[in-house]
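Each chain, letter by letter, is given below.
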Amino acid sequence: MIREKVLRRSVWVFHLNTGACNGCDIEVIAALTPRYDAERFGVKLVGSPRHADILLVTGPVTQQTLPRVKRIYEMVPEPKAVVAIGTCACDGGVFKDGATFKGPLSKVVPVDVFVYGCPPRPNNILKGVLEAAQIYSTKRRGVG
Amino acid sequence: MAQPGPLGLVLTIGYSLLMAFLIAGTRRKAKARMHGRIGPPLWQPLLDFLKLLYKDLSLPSTFSTIFFLAPVVGAIVGIVASLIVPLPGIQTLSFSGDIAALVILVSAIDFMLLTGGVSSGNPYSWVSFSRAAMLAIIREVFVAASFAALVVKAQETSLIKAIAAVPLHFKASLGIFFLVCSLGVSLTTVFSAPLAETEILEGFLIEYSGPLLALAELTHMLQTYIVLSLSSTLIASALSTGATGIIVHILLLLAFSLLTSFLDSAFARLRIGAAVKIYALLLAICTLCVYASLMLG
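Just so we're clear, the structure is a prediction, and the values are computed from it rather than from any experiment.

The next point concerns unusual backbone geometry. All names here are of chain A. Along the chain, Glu 78 connects to Pro 79 via a cis peptide bond; the corresponding omega equals -10°. Examined against the element boundaries, Pro 79 turns out to sit in the loop between helix H3 (66–75) and strand S4 (81–85). In this chain, Cys 118 is followed by Pro 119 through a cis amide linkage whose omega measures -5°. Within the secondary structure layout, Pro 119 lies in the loop between strand S5 (113–115) and helix H5 (122–137).

Written as structure tokens, this is what we have:
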């Protein structure tokens, strides 16, 4: 009970761009600006995946970024959650038939929350993060 | 001099930890209010600390034993140092030469955090190490000089006895010195080059995770509390608050947190060269004031 509450109220996010057009990244940053005040929910942007609880991934997974995505996912300590942000991360979007496209994010790492949109609105991104916080707070240590 | 019993020591540790979290919480809350936001609750640093304890460790491939031990030893050193800091109206640990012990313990906290970070092998940790070491070395020189003035003035090497023996103007000048000192210790935005989240990604903390990161953060919060508490105790005792001393002490700590939040919001981060120069200049001016006070009699 206490564990769940603590994990839900302290959410550190790491933002990873796997080759997005930058549209979703702008909205991710917008979601973390004072206008939306994500910090009131305990949400904080961190610079190292080792500090993170939730991975925010934008863009399609490409040949170049595939090993990096896997490595960064492994660096985030358990319990953790992944949020796919934008149509490209969720199902490939316009990059679906590209030569270097290696599949949507869910084919590479387990995704907990999908936030569709091209780009999604900042309030939807924040809602996705809070839903992911709810999910990761119920996960046990050492279980993916 | 009478020493506190086991219960007194536990209460002092509890008080120190509570105030360390409260200072960090007040800073974040006040900063948010200055930005026109609601901001996190006051107990957010405690929630972050507990959350990190629930997390697994994610270790770099190049980690060493020092990487493991540094935050643990740092937190222990921080707790021991917080026992020596005098509190108005409360019996804390006191012995001859505790002034020197406090200087060494506070420096040891820096040493442990930086050595642990560097032993991870991350290049950003090295950058952070050199920046933090520059600020720490400058600070230690002036801290040693100011404490030397206190010892000369009071003819005492015990902190509690020395503070009681010096005149009010000396206490006030030394209190202001430690307040200025805390700006570098707490790595306020102006002097935050060693962490620089957007540039070197929290520097020496970059490879820490889970419980080790929790201990490293706690150690840093305790170090900030120790320096601010010294300042607060000196100013509270200069105000001759008597029995209400501890309340004044808490209020002063909160006021200092608000001041730090204002500085965080009002000024941008300085490049390390400029930060070192300005920090040295501020500390030099404050040390001169302490020595002027010493001459006043």
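To continue, consider the side chain of Asp 37 of chain A. Along the chain, Asp 37 of chain A falls in the loop between helix H2 (23–31) and strand S2 (43–45). A relative accessible area of 5% means that Asp 37 of chain A is categorised as buried. There is a polar contact of 2.8 Å between the side chain of Asp 37 of chain A and the backbone nitrogen of Ile 38 of chain B.

This part takes up the pairing of strand S1 (residues 11–17) of chain A. Residues and elements named next belong to chain A. Across the seven residues that make up S1, a large majority, five, are buried. Pairing geometry for S1 and S2, over three bridges, is parallel. Paired with Val 13 across the strands is Leu 45, a residue of S2. You can see the chain leave S1, run along H2 and come back into S2, and the turn it takes is right-handed. Here S1 runs beside strand S3 (residues 54–58); their pairing, made up of five bridges, is parallel. Across the sheet, residue His 15 finds its bridge partner in S3, namely Leu 56.

All names here are of chain B. Over its 32 residues, helix H5 (residues 123–154) runs 46 Å from end to end, which matches the ideal 46 Å to within 8%, given 1.5 Å per residue. A side-chain oxygen of the first residue of H5 lies 2.8 Å from the backbone nitrogen of Tyr 124; this N-cap is Asn 122. Directly after H5, the chain includes Gln 155, whose backbone phi takes a positive value near 55°.

So, about empty space enclosed by the protein. All names here are of chain B. Evaluated as defined, the whole model comprises three cavities of 30 Å³ or more. A volume near 120 Å³ is recorded for the largest cavity. Forming the walls of the largest cavity are 13 residues, and the residues nearest its centre are Asp 110, Ala 132, Gly 184, Val 185 and Leu 187. When residues of the lining of the largest cavity are traced back to their parent elements, those giving at least two are helix H4 (98–118), H5, helix H7 (168–185) and helix H9 (210–238). Here the lining of the largest cavity gets four residues from one element, more than from any other, and that element is H5. Of the residues assigned to the lining of the largest cavity, the class counts are eight nonpolar, three polar and two charged. Estimated volume of the second largest cavity: approximately 100 Å³.

With that settled, consider the interface of chain B and chain A. Size of an interface, as often reported, equals the accessible area lost when the parts are brought together. Each side of the interface is counted separately: chain B has 29 residues, and chain A has 28 residues. The contact between chain B and chain A buries some 2500 Å² in all, and 51% of this surface belongs to carbon and sulfur atoms. Sorting the residues of chain B by area buried against chain A places Lys 51, Tyr 54 and Lys 55 of chain B first, and these three jointly supply 27% of that buried surface. The interface formed by chain B and chain A includes six salt bridges. Linking Glu 39 of chain A and Arg 28 of chain B is a salt bridge whose minimum nitrogen-to-oxygen distance equals 2.9 Å. In this assembly, chain B and chain A are joined by 21 residue pairs in polar contact (both at pLDDT 80 or more).

Calculation criteria
Residues numbered from 1 in each chain as written. Chains lettered and ligands numbered in written order. Predicted model: local features only at pLDDT ≥ 70, side-chain atom pairs only at ≥ 80, totals over all residues. Heavy atoms only, no water. Helix = DSSP H or I, 4+ residues; strand = E, 2+ residues; numbered from the N terminus. Buried < 20%, exposed > 50% of the residue type's maximum accessible area, 1.4 Å probe, protein only. Polar contact = N/O pair within 3.5 Å; in protein donor to acceptor, adjacent residues only side chain to side chain. Pairing = 2+ DSSP bridges. Right-handed = clockwise from strand over helix to strand, strands pointing away. Expected span 1.5 Å × (residues − 1). 1 Å grid on protein atoms, 1.4 Å probe; cavity = no way out; pocket = protein on both sides within 12 Å on 5 of 7 lines; lining within 4 Å. Points joined across faces, edges and corners; volume = space filled by probe spheres on them. Nonpolar A, V, L, I, M, F, W, Y, C, P; charged D, E, K, R; others polar. Contact = heavy atoms within 4.5 Å. Buried area = accessible area lost by both parts, 1.4 Å probe. Salt bridge = Lys/Arg side-chain N within 4 Å of Asp/Glu carboxyl O.

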